Amino acid sequence: MFAMTVALGSCVDETSIAEPAGDWAEESAVRGLAGEITFAVIGDFGMAGPNEQGVADLVKSWAPDLVLTVGDNNYPDGAQSTIDQNIGQYYQGFIYPYTGSYGGGSSVEGNRFFPSLGNHDTATGKGKAHLNYFTLPGNERYYDFVRGPVHFFAINSNLSEADGRSSGSKQALWLKTRLAQSTATWKIVYFHHPPYSSGNHGSTSIMQWPFQAWGATAVLAGHDHHYERIMKDGFPYMVNGLGGKSKYGLQAAVPGSMIRYNADHGAQLVVADDTTLTFKFITKGGAIVDTYTLTVPLEGGVSKSFMNADDTYIAGAYPTANYANAATIKLDGDVPTGTGHDYRGLVKWSVSAIPPGSTVTGVSISTYVENAAPGETYEIVEVLCPWTETSVTWKYPWAVPGGGGVDDTSSVLLGTMSSGAKGPYTEILNEDGVEVVQGWVDDPSSNNGFMIYDVNNLDQLELYQSEHAIVAQRPVLTVTYIP
């Protein structure tokens, strides 16, 4: 936090700009309680060496409840002679029962390693070594299981699958039926060949099953050795093939591609509870490449997403400049370099569409990163002083320039932003953030939005403003509440 200077005066009063009515989307859902789990997702990893070791060390540092794989667990040919050195050497602590030579296996009774078959795994005997090595549910080629609030469905996308891989196959009809029967909050489908991909192999059209219509929450795949998130009609498809083998180049972006990355190996960390599902792709060096969050309202609850924000930034080096018409919100702790001056972002949404008397249960801010700041963290606080995006500057209307006075901004941290790559980013606000938005619902005149900043950062983070031409890349505030 930057130091808050006590001021004798108070900020100049202004009237905030209201957002046009009808500029929000609404949905409601009922769910049951099942607790919280953490799981890792790795893909195209099974080649013993320093890259696999680095990813495995990263995964183990998270202490996940379980590990999923999206295939190619045992290079080059899925042979019995290589499977233990490619898998057990690094992940035996999650496998039960484990009969290899690298340790005692999972210390918890019950398997915590749930692989899907890749094309390299089935190159010898249609995956015979894989099927002998693991003890998995069902027929072990495709299967499902439940942990906490998540129902997992492992699919075999290989041509050798006896029950087929088209959307009308026996395997697909099994998935459709099992999804329809599931009562879990989240339903994750994972397999090797990506339905959509901007990588060297590209999209696998035969695997473009109607997952969303069947009730799935997300689809995870590998095969192409990069990371990518593709959105189709609001439904997420993720390619995760940087688990330890080689890195592939990128081809032309497929429609709906939100973020593509191939600079370092890594894995996904996923946290799921009864109301929130958050995916993060993290490199073995610790950089967060992508964060994607889904939320489910409490029973009887409603979720509203607000656009048309008032947003801008203020600059310490240019104290009378207004940046309402800038393309991005700029955040930095040293601009120009060496001067110690700051860029600080301002953003606010009207929440007047939420009925008075409602109880806010969750809040998130979704933005699109235009310029990333790896390793840097930016803080979110409440603004106390009224401002308008067309008149606010570093000097005006603050009691202390830059909004550093006790009447200008609160010292209570509501959340942080940290993005190591360009693309969509979502931050879920903490309980204090929920309380702040509750205050805006109770008293709309108190809504002066958020400030995002950090004076200690030396790298510039830039977020697209609400004027951006691509609607999907404009800032969004999502509020869940009980009417």
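Provided above is the structure to which this section pertains.
Rules used in this analysis
- Throughout, residues of each chain are indexed from 1 in the direction in which the sequence is written.
- Owing to the predicted nature of the model, reporting of local features is limited to residues with pLDDT of at least 70; listing and counting of side-chain atom pairs is limited to 80 or more, with chain, interface and lining totals taken over all residues.
- For side-chain calculations, the full set of non-hydrogen atoms in the structure is used, while hydrogens and water are omitted.
- A run of H or I in DSSP counts as a helix once it spans at least four residues, and a run of E counts as a strand once it spans at least two, with each numbered from the N terminus.
- Here the globule rule reads 2.2 Å times residues to the power 0.38, and the radius of gyration is calculated from C-alpha atoms.
- Using a 1.4 Å probe on the protein chains alone, a residue whose accessible area is under 20% of its type maximum counts as buried, one over 50% counts as exposed, and one in between counts as partly exposed.
- Pairs of strands are assigned from DSSP output, requiring at least two bridges between the strands.
- Any carboxyl oxygen of Asp or Glu that lies within 4 Å of a side-chain nitrogen of Lys or Arg is treated as forming a salt bridge with it.
- Axis definition: a line fit to C-alpha positions, over the contact stretch in the case of helices; interaxial angles, taken between N-to-C directions, run 0 to 180 degrees.
- Should any heavy atoms of two residues lie within 4.5 Å, those residues are considered in contact.
- Here, nonpolar core refers to any group of buried Ala, Val, Leu, Ile, Met, Phe, Trp, Tyr and Cys residues whose side-chain atoms link them within 4.5 Å.
- Between N or O atoms, a polar contact is any pair within 3.5 Å; within protein, one atom must be a potential hydrogen donor and the other a potential acceptor, and residues adjacent in sequence are included only when both atoms are from side chains.

Colleague: Mind showing me how you'd approach the overall build of the protein here?
Modeller: Counting its secondary structure elements, the protein contains six helices and 25 strands. Taking 23 Å as the expected radius of gyration for a compact globule of 483 residues, we find that the protein reaches 24 Å, a close match to that expectation. By principal-axis analysis of the C-alpha atoms, the protein measures approximately 80 × 50 × 40 Å. A burial count over the protein gives 58% of its 483 residues as buried.

Colleague: So what exactly am I meant to see when it comes to the pairing of strand E20 (residues 378-382) here?
Modeller: Each regular strand carries side chains that alternate between the two faces of the sheet. Of all five residues making up E20, five are buried, and the element is well covered by its neighbours. Across the two faces of E20 the burial is the same, with Tyr378, Ile380 and Glu382 and Glu379 and Val381 all buried. Sheet topology note: the E20/strand E23 (residues 450-453) ladder contains four bridges and is antiparallel. Bridge pairing links Glu379 to Tyr453 in E23.

Colleague: Explanation requested: the pattern of salt bridges in the structure shown.
Modeller: A pair can form between side chains of opposite charge whenever their charged atoms are brought close. Overall, the coordinates contain six salt bridges when judged by the stated rule. Between Arg141 and Glu161 there is a salt bridge whose closest N-O contact spans 2.9 Å. In this pair, Arg141 sits in the loop between helix H3 (128-133) and strand E5 (143-147) while Glu161 sits in the loop between strand E6 (150-154) and helix H4 (170-181), placing the two residues 20 residues apart along the sequence. Arg141 gets classed as partly exposed once you look at its relative accessible area, which sits at 22%. Given a relative accessible area of 5%, Glu161 falls into the buried group. Among the ionic pairs, Arg344 bridges to Asp342, the shortest N-O distance being 2.7 Å. Within the structure, one salt-bridge network assembled from shared partners comprises Arg141, Glu161 and Asp163.

Colleague: Explain the sheet that holds E5 here, please?
Modeller: Paired through backbone hydrogen bonds, the strands of a sheet run either parallel or antiparallel to each other. Across the sheet, which stays open at both edges, the seven strands sit in the order E5-E6-E7-E8-E10-E9-E11 with mixed pairing between neighbours. Because the sheet does not close on itself, it has two edges, and the strands there are E5 and strand E11 (257-261). Strand-to-strand twist in this sheet, taken as the mean axis angle between neighbours without regard to direction, amounts to 15°. Sheet topology places E6 next to strand E7 (residues 186-190); five bridges connect them, and they run parallel. Bridging across to E7, Phe153 finds its partner in Val189.

Colleague: Help me understand the sheet that holds strand E14 (residues 288-295), please; the structure alone is not making it clear to me.
Modeller: What the six strands build is an open sheet, ordered E4-E3-E2-E12-E13-E14; its pairing is mixed. Pairing within the sheet leaves two strands with one partner each, and these edge strands are strand E4 (113-114) and E14. Bridge analysis of strand E3 (residues 66-69) against E4 gives two bridges, and the strand direction is parallel. The partner of Val67 across the bridge, within E4, is Phe113. Here helix H1 (residues 50-61) sits on the sheet and contacts strand E2 (37-42), E3, strand E12 (266-272) and strand E13 (276-283); the angle it forms with E12, its principal contact strand, is near 15°.

Colleague: Whenever I open this one, the nonpolar core confuses me. Can you help?
Modeller: Across soluble globular proteins, you tend to see nonpolar side chains buried next to one another. Counting 58 residues, the largest nonpolar core has Tyr91, Phe113, Phe152 and Tyr190 as its most contacted members. Tallying contributions element by element places E2 first for this core, with five residues. Every residue in contact with Tyr91, bar those within four places of it in the chain, is listed here: Ile42, Phe45, Glu52, Val55, Ala56, Val59 and Phe113.

Colleague: I keep staring at the side chain of Lys304 and nothing clicks. Help me out?
Modeller: Checked against the element boundaries, Lys304 lands in strand E15 (residues 301-306). Engagement of the side chain of Lys304 in a polar contact is seen with the side chain of Tyr481, the distance being 2.5 Å.

Colleague: Sorry, what's going on with the pairing of strand E10 (residues 235-240) here?
Modeller: With respect to burial, E10 is a largely interior element, six of its six residues being buried. Here three bridges tie strand E8 (residues 218-221) to E10, and the two strands are oriented parallel to one another. For Leu220, the partnering residue across the bridge sits in E10 and is Met238. Note that strand E9 (residues 227-232) and E10 share six bridges and pair antiparallel. When the bridges of E10 are listed, Met231 appears paired with Pro236. The turn joining E9 and E10, which pair antiparallel and follow one another in sequence, is formed by two residues; a positive phi near 55° is taken by Asp233.

Colleague: Teacher, can you tell me more about unusual backbone geometry here?
Modeller: With an omega of -5°, the peptide bond running from Tyr75 to Pro76 counts as cis. Among the secondary structure elements, Pro76 is positioned in the loop between E3 and helix H2 (80-91). Tyr96 connects to Pro97 through a cis peptide bond whose omega is -10°. With respect to the helices and strands, the residue Pro97 is situated in the loop between H2 and E4. Its identity as a non-glycine residue notwithstanding, Asp72 has a phi of 55°, on the positive side. Summarising the element assignment, Asp72 is placed in the loop between E3 and H2. One non-glycine residue, Asp233, adopts positive backbone phi at about 55°. Locating Asp233 in the fold gives a position in the loop between E9 and E10.

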